[in-house]
Amino acid sequence: MSPPVAPPGWSRWLVPPAALSVHLSIGQAYAWSVFKPPLESALGLSGTQSALPFQLGIVMLGLSAAFGGTLVERRGPRWAMTVALVCFSSGFLLSALGAATEQYWLIVFGYGFVGGIGLGIGYISPVSTLIKWFPDRPGMATGIAIMGFGGGALIASPWSAQMLESFGGDSTGIALAFLVHGLSYAVFMTLGVLLVRVPRTPKPAEGTPNAPTGPQVSARTAVRTPQFWCLWVVLCMNVTAGIGILEKAAPMITDFFADTSTPVSVSAAAGFVALLSAANMAGRIGWSSTSDLIGRKNIYRVYLGVGAVMYALIALFGDSSKPLFILCALVILSFYGGGFATVPAYLKDLFGTYQVGAIHGRLLTAWSTAGVLGPLIVNWIADRQEEAGRHGSALYGLSFVIMIGLLVVGFVANELVRPVHVRHHIPAPREETADVHRQQPESA
């Protein structure tokens with residue numbers, strides 16, 4: 001399957017909707033917490049066990065993006081979106097079979113392993129293409145598409161809750177919900193496969209040169225630079241902080257206010273998940289567009305520094321004020337989403353557009369690490385605290401302190417990012433090199 005080249009007159013504004021159709025679908029992963037309580041009840045699982053499909057999915061997202069990034073660059077976005085469609089939908093169908101037969105390992109394998117491959121390939125499928133279509137506004141372009149991944153749960157969370165209410169929260173009802181998800185997302189993702197196009201030139205925007213400008217670094221070289229690993233730490237810490245709340249959002253808000261005069265109902269908890277998804281989505285387009293104005297390093301200072309303050313406020317005062325808890329959680333999730341949407345532009349600034357998609361794929365291994373680390377910290381500590389007889393907000397206090405420390409580590413790593421040394425750049429084309437040598441005597 002060769003990359004579909006845009007015909008003359010093709011509008012670049014048709015590409016973001018194609019990316020959105022894929023990202024809105026695979027963004028369902030952020031609504032996994034809606035399935036946690038019924039799975040725990042139907043199959044007798046702990047909170048840590050019910051997080052396994054989500055955790056494995058995020059691990060496979062990073063690994064498939066890392067190993068498939070160069071292949072996606074070579075084969076193009078349509079091939080990548082097709083692979084994502086097949087894997088993501090098949091993952092749901094396997095999970096439906098696992099729920100129907102009460103074989104939890106099949107849910108973990110289907111949703112986590114197979115579906116996780118779809119997550120990774122689907123996530124990176126439009127990024128490089130969008131940056132090439134929008135060289136003048138890379139933060140905004142990737143933010144528009146990647147906000148779909150954050151907004152997927154805004155649709156999936158209430159939809160999944162309604163299906164579980166209609167079908168029932170037993171293993172049969174869960175299986176039917178998985179089945180409907182798999183078939184519906186297959187249809188929706190097909191729209192992106194049919195619509196996506198690559199530009200005829202690397203930079204189709206009016207008034208821009210045809211040849212890439214600025215530093216150009218290969219993916220193989222990029223992973224050997226300190227800048228790459230500083231960004232890896234930045235992304236890992238920011239994602240760990242956000243995903244720790246997101247993966248356990250529904251049970252967390254229920255636990256926090258269980259002993260108060262205004263406990264949170266199941267439907268309200270699902271609404272909270274949807275609110276977090278909205279913040280995640282808004283942060284992706286809002287903060288990434290802001291980064292085009294104030295710079296990538298400055299925006300990450302906001303994500304990490306202010307994020308640590310928000311966690312401190314929840315830890316100190318969250319259980320005494322529901323509005324404060326919700327507001328701080330929304331800000332943290334907006335930074336979480338903004339961090340994802342801004343990082344492709346940050347990579348483009350440091351390494352150029354030459355293999356930015358492949359570099360982005362390799363960087364997403366930080367997401368794999370955070371996908372294990374964040375839920376593990378929150379779930380494991382909550383389980384241990386519950387065994388010790390604690391309840392309510394006491395289940396999460398230690399987790400939040402750890403998250404603050406991780407955000408501080410990320411803040412320091414961001415401060416260490418410097419421009420990539422010229423020795424890592426790919427050689428300039430011979431014609432340009434010759435022009436430079438010819439011009440030197442004249443300038444002398």
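Residues numbered from 1 in each chain as written. Predicted model: local features only at pLDDT ≥ 70, side-chain atom pairs only at ≥ 80, totals over all residues. Heavy atoms only, no water.

**Q** I'd like a description of the overall build of the protein chain, backed by residues and values.
**A** Secondary structure assignment for the protein chain yields 19 helices and zero strands. For 444 residues, the compact-globule formula gives about 22 Å, and the C-alpha radius of gyration of the protein chain, at 22 Å, lands near that figure. Structurally, the protein chain occupies a C-alpha span of about 80 × 45 × 30 Å along its principal axes. Nonlocal contacts in the protein chain, meaning residues at least 24 apart in sequence, comprise 84% of its contacts between residues at least 6 apart. Here the protein chain displays about 17200 Å² of accessible surface, and carbon together with sulfur accounts for 66% of that area. When the 26 basic and 21 acidic side-chain charges of the protein chain are each reduced to a single mean position, those positions are 11 Å apart. (Helix = DSSP H or I, 4+ residues; strand = E, 2+ residues; numbered from the N terminus. Rg over C-alpha atoms; globule rule 2.2 N^0.38 Å. Contact = heavy atoms within 4.5 Å. Areas by Shrake-Rupley, 256 points an atom, 1.4 Å probe, with all protein chains shown as cover. Lys, Arg positive; Asp, Glu negative; His and termini not counted. Charge placed at Lys NZ, Arg CZ, Asp CG, Glu CD.)

**Q** Explain the side chain of Asp383 residue by residue, including any values.
**A** Assignment of secondary structure puts Asp383 in helix 17 (residues 365–387). A polar side-chain atom of Asp383 sits 2.5 Å from a polar atom in the side chain of Thr48. (Polar contact = N/O pair within 3.5 Å; in protein donor to acceptor, adjacent residues only side chain to side chain.)

**Q** Mind laying out the nonpolar core, listing which residues take part and the relevant values?
**A** Judged by nonpolar contacts, the single largest core of 121 residues is most densely connected at Tyr123, Phe178, Tyr336, Phe340, Phe351 and Trp367. No other element matches the 14 residues that helix 15 (residues 322–351) contributes to this core. Each residue touching Phe178, except ones within four places of it in the same chain, is listed here: Trp32, Phe35, Phe92, Ser95, Ala96, Ala99 and Ile107. In terms of nonpolar packing, the next biggest core, distinct from the first, is built from twelve residues, Ala6, Val15, Trp133 and Ala141 among them. (Core = buried A, V, L, I, M, F, W, Y, C linked by side-chain atoms within 4.5 Å. Buried < 20%, exposed > 50% of the residue type's maximum accessible area, 1.4 Å probe, protein only.)

**Q** Can you explain empty space enclosed by the protein? Please cite residues and give values.
**A** Tallied over the full model, the rule gives one cavity of 30 Å³ or more. Taken as a whole, the largest cavity holds about 40 Å³ of empty space. Together, Asn238, Ala241, Gly242, Tyr303, Gly307, Ile332, Phe335, Tyr336 and Leu407 line the largest cavity. Elements that contribute at least two residues to the lining of the largest cavity include exactly helix 11 (226–246), helix 14 (296–317) and helix 15. A per-class count over the lining of the largest cavity returns six nonpolar, three polar and no charged. (1 Å grid on protein atoms, 1.4 Å probe; cavity = no way out; pocket = protein on both sides within 12 Å on 5 of 7 lines; lining within 4 Å. Points joined across faces, edges and corners; volume = space filled by probe spheres on them. Nonpolar A, V, L, I, M, F, W, Y, C, P; charged D, E, K, R; others polar.)

**Q** Give a description of a nonpolar patch on the surface that names residues and reports values.
**A** Taken together, the side chains of Leu93, Phe167, Leu176, Leu179 and Leu183 make up a nonpolar region of the molecular surface, amounting to roughly 410 Å² of accessible area. For the nonpolar patch, the element with the most residues is helix 9 (residues 171–195), which contributes three residues. Classification of Leu93 as partly exposed rests on a relative accessible area of 37%. (Patch = residues over 30% accessible without salt bridge, like charges linked within 9 Å, V, L, I, M, F, W, Y side chains within 5 Å. Salt bridge = Lys/Arg side-chain N within 4 Å of Asp/Glu carboxyl O.)

**Q** Account for the packing of helix 14 against helix 15, naming residues and giving values.
**A** Two elements in contact, helix 14 and helix 15, have axes whose closest approach is 9 Å; the angle formed by their N-to-C orientations is 160°. Considering the angle they form, helix 14 stands roughly antiparallel to helix 15. Seen along the crossing, helix 14 lies across helix 15 with a hand that is left-handed. (Axes fitted to C-alpha atoms, helices over the stretch in contact; angles between N-to-C directions. Parallel < 35°, antiparallel > 145°, perpendicular 65-115°, else oblique. Left-handed = near helix turned anticlockwise from the far one by under 90°.)

**Q** Explain the environment of Lys297 to me, and be specific about the residues and the numbers.
**A** Within the secondary structure, Lys297 sits in helix 14. Residues Lys297 and Glu415, spaced 118 residues apart in sequence, show a C-alpha to C-alpha distance of 7.6 Å. Those residues in contact with Lys297 that sit more than four places away from it in its chain are Tyr346, Asn414, Glu415, Val417 and Arg418.

**Q** Report on the domain arrangement of the protein chain, specifying residues and quantitative values.
**A** Each domain of the protein chain was delimited in the assignment, giving domain 1 (12–195) and domain 2 (219–424). Spacing between the C-alpha centres of domain 1 and domain 2 amounts to 19 Å. On the domain 2 side, the residues contacting the 44 residues of domain 1 number 44 residues. For the pairing of domain 1 and domain 2, the buried interface totals around 3600 Å² over both sides, and the portion due to carbon and sulfur atoms is 67%. There are twelve residue pairs in polar contact (both at pLDDT 80 or more) connecting domain 1 and domain 2. Looking at the side of domain 1 that touches domain 2, the elements with two or more residues in it are helix 3 (47–50), helix 4 (52–75), helix 6 (104–124), helix 7 (127–133) and helix 8 (138–167). Grouping the constituent residues of the side of domain 1 that touches domain 2 by class yields 24 nonpolar, 16 polar and four charged. (Domains from an automatic or database assignment. Buried area = accessible area lost by both parts, 1.4 Å probe.)

**Q** Please set out the packing of helix 14 against helix 18 (residues 397–415) residue by residue, giving values where relevant.
**A** Closest axis-to-axis distance for the helix 14/helix 18 pair is 9 Å, and the angle between their directions is 165°. One element, helix 14, and the other, helix 18, form an angle in the roughly antiparallel class. The element helix 14 and its partner helix 18 pack so that their crossing is left-handed. For the pair formed by helix 14 and helix 18, the contact residues are Lys297, Tyr300, Arg301, Leu304, Gly305, Gly307, Ala308, Tyr311, Ala312, Ile314 and Ala315 on the first element and Phe400, Met403, Ile404, Leu407, Gly410, Phe411, Asn414 and Glu415 on the second. Classifying every residue of the contact of helix 14 with helix 18 gives twelve nonpolar, four polar and three charged.

**Q** I'd love a proper account of the layout of surface pockets, names of residues and values included.
**A** Considering only enclosed or pocket space, the largest pocket measures out at about 430 Å³ in volume. Broken down by secondary-structure element, the contributors of at least two residues to the lining of the largest pocket are helix 2 (36–43), helix 8, helix 12 (249–256) and helix 13 (266–294). For the lining of the largest pocket, the domains that each give at least three residues are domain 1 (12–195) and domain 2 (219–424).

**Q** Let's hear about the side chain of His181: which residues, and what values?
**A** For His181, the location among the structural elements is in helix 9. There is a polar contact of 2.6 Å between the side chain of His181 and the backbone oxygen of Ala177. When sequence neighbours within four positions are dropped, the list of residues in contact with His181 reads Gln28, Phe35, Phe92, Trp159, Ser160 and Met163.

**Q** Account for unusual backbone geometry, naming residues and giving values.
**A** A positive phi angle, close to 60°, is found at Glu102, a residue other than glycine. Mapping Glu102 onto the fold places it in the loop between helix 5 (77–101) and helix 6.

**Q** Now, about helix 16 (residues 356–363): what can you tell me, with residues and values included?
**A** Counting buried residues along helix 16, seven of its eight residues qualify, which places the element largely inside the surrounding structure. Taken residue by residue, helix 16 has Val356, Gly357, Ala358, Ile359, His360, Gly361 and Leu363 as its buried positions.

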